[in-house]
Amino acid sequence: MSSHHQIPSYLTPHETGPWSVYLEQIDRVTPYLGHLSRWVETLKRPKRILIVDVPIERDDGSISHFEGYRVQHNTSRGPGKGGVRFHQDVTLSEVMALSAWMTIKNSAVNVPYGGAKGGVRVDPKTLSRGELMRMTRRYTSEIGIIIGPDKDIPAPDVNTNEQTMAWMMDTYSMNEGRTATGVVTGKPISLGGSLGRREATGRGVFVVGCEAAAKRGLNIAGSKVAVQGFGNVGGIAARLFSDAGAKIVAVQDHGGTIFHSNGLDAHKLLEHVEINGSVAGFAGAEAVIPSEEFWSVDCDILIPAALEQQITEKNAHKIRAKIILEGANGPTTPEADDILSDKGVLVVPDVIANAGGVTVSYFEWVQDFSSYFWSEDEINQRLTRIMKEAFNSVWHVTEDKKVSLRTAAFIIGCSRVLQAREVRGLYP
Ligand code: GLU
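Residues numbered from 1 in each chain as written. Predicted model: local features only at pLDDT ≥ 70, side-chain atom pairs only at ≥ 80, totals over all residues. Heavy atoms only, no water.

*Asks:* Which residues make up the overall build of the protein, and what values go with them?
*Replies:* Within the protein one finds twelve helices and 13 strands. Over its C-alpha trace the protein gives a radius of gyration of 21 Å, about what one expects of a compact globule, namely 22 Å for 428 residues. Dimensions along the principal axes, computed over C-alpha positions, put the protein at roughly 60 × 55 × 45 Å. Classification of the 428 residues of the protein by burial places 58% in the buried group. At a minimum sequence separation of 6, the contacts of the protein that also span at least 24 residues come to 69%. Carbon and sulfur atoms make up 50% of the accessible area of the protein, which amounts to about 17900 Å² in all. Of the side-chain charges in the protein, 45 are positive and 49 negative, and the distance between the mean point of each set is 5 Å. (Helix = DSSP H or I, 4+ residues; strand = E, 2+ residues; numbered from the N terminus. Rg over C-alpha atoms; globule rule 2.2 N^0.38 Å. Buried < 20%, exposed > 50% of the residue type's maximum accessible area, 1.4 Å probe, protein only. Contact = heavy atoms within 4.5 Å. Areas by Shrake-Rupley, 256 points an atom, 1.4 Å probe, with all protein chains shown as cover. Lys, Arg positive; Asp, Glu negative; His and termini not counted. Charge placed at Lys NZ, Arg CZ, Asp CG, Glu CD.)

Right, here's the structure in full:
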């Protein structure tokens, strides 16, 4: 039996971005998929891609156009699910990769969703609040033809937050003529948002970090942690590690890299970033260090919680951490994975490490549908249980098959998706 697959024309032939990283990860897992590998091509191309023009009227009366995307990578196990990012460097192939990682993540932690992601190629810092609202609303209206509470449910990601979700929910609801709270997650509490959602991704990073540390015999109290990115993921994770007695020795973000051998005060740093937009200028640092030195900082746990492709063959050999927790999506390239594995560094992959966000998004969506809201304790307990179970199932596959945690997570994630694909069968 031979198979012929036409290469999609929208793919660049010598792609080196996140999509090529994702494809390499799929190639690495394929030998472990058994008879399901017959369906693996499904994972190598998104189900549906929508590119939209997002025109807005600026405050000065001029018109600006932005490029927007919504990619539904897979819907075999349920509706599409994944965030929306606003960033000047967003590209279609990046959003494709991010949507594909959502498919694997949602499956790996077993929430009943496929994978999707959206983005607008814009630097939101250059827009006024009014312009940002008009841009968000027009983008939502344009992707309104494919999203919906039982079709595809957006959520926050890089540079989007509760306010963005409120505007998206309102725009979709106005177009539908009914209030549809379940169309997005990560909403404000007053609009059907869930307690614990804002902190969920960082909390999940912390929970799997504790599990990983236990496997390595590392005590969190007194351990040294370095964090790249101090937003909703890195900032919260750092605070939880620091509350558990770890020392946050280095933090890097777009504004600079700060260091303190006895640990930075995570609470004060969160306040500083809230006011100033970056860690730059933080008075409680011992030193400001060159950005490349961040990777060689003496630490036990390293948390990349910013953007993709940060840990590469150029810096992986410098890393001194015993454990890497991928708060970001796609921060490590396959070449870097190989170097880290040779060095014995335990890499907890994004599809497990940062799955706390979408897990509580799932809780939010369930609460919206049932119009019955849970307590924060209940949410955090359920989140902790799911994260621990997901980590330990992956750990089990790692030991059983002698593969990395990433390949193990992909074995679990891809198998569930392809089992659903197979049993549903092709239409027509
Ligand atoms: N943007 C987050 C992620 O990358 C959350 C997505 C969601 O909650 O749907 O996992």
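*Asks:* Let's hear about the sheet that holds strand E12 (residues 323-325): which residues, and what values?
*Replies:* The seven strands are arranged E10-E9-E8-E7-E11-E12-E13 in an open sheet whose pairing can be described as mixed. If you trace the sheet from one side to the other, it starts and ends with strand E10 (287-288) and strand E13 (346-348), each paired once. Bridging between strand E7 (residues 224-228) and strand E11 (residues 301-304) involves four bridges; their strand directions are parallel. What sits directly across from Val227, in E11, is Ile303. (Pairing = 2+ DSSP bridges.)

*Asks:* Let's hear about the site of the ligand: which residues, and what values?
*Replies:* Neighbouring the ligand are 14 residues, the closest being Lys81, Lys105, Pro156, Asp157 and Ser361. A distance of 2.6 Å separates an oxygen atom of the ligand from a polar atom in the side chain of Lys105. Interatomic distance of 3.0 Å between a side-chain N/O atom of Asn329 and an oxygen atom of the ligand. Surface burial for the ligand is 95%, taken as the share of its 300 Å² of free accessible area covered by protein chains. (Near = heavy atom within 4 Å. Polar contact = N/O pair within 3.5 Å; in protein donor to acceptor, adjacent residues only side chain to side chain.)

*Asks:* Quick one: what's the story with the pairing of strand E2 (residues 63-74), residue by residue and with numbers?
*Replies:* Burial within E2 is extensive, with nine of its twelve residues counted as buried. Note that strand E1 (residues 48-57) and E2 share ten bridges and pair antiparallel. From the neighbouring strand, Pro55 faces E2, where its bridge partner is His65. Between the end of E1 and the start of E2, which pair antiparallel, lie five residues, with Gly61 showing a positive phi angle near 95 degrees. Two strands pair when backbone bridges link them, and E2 and strand E5 (residues 115-121) are joined in this way by six bridges, in the antiparallel orientation. Along E5, the bridge assignment pairs Gly68 with Val120.

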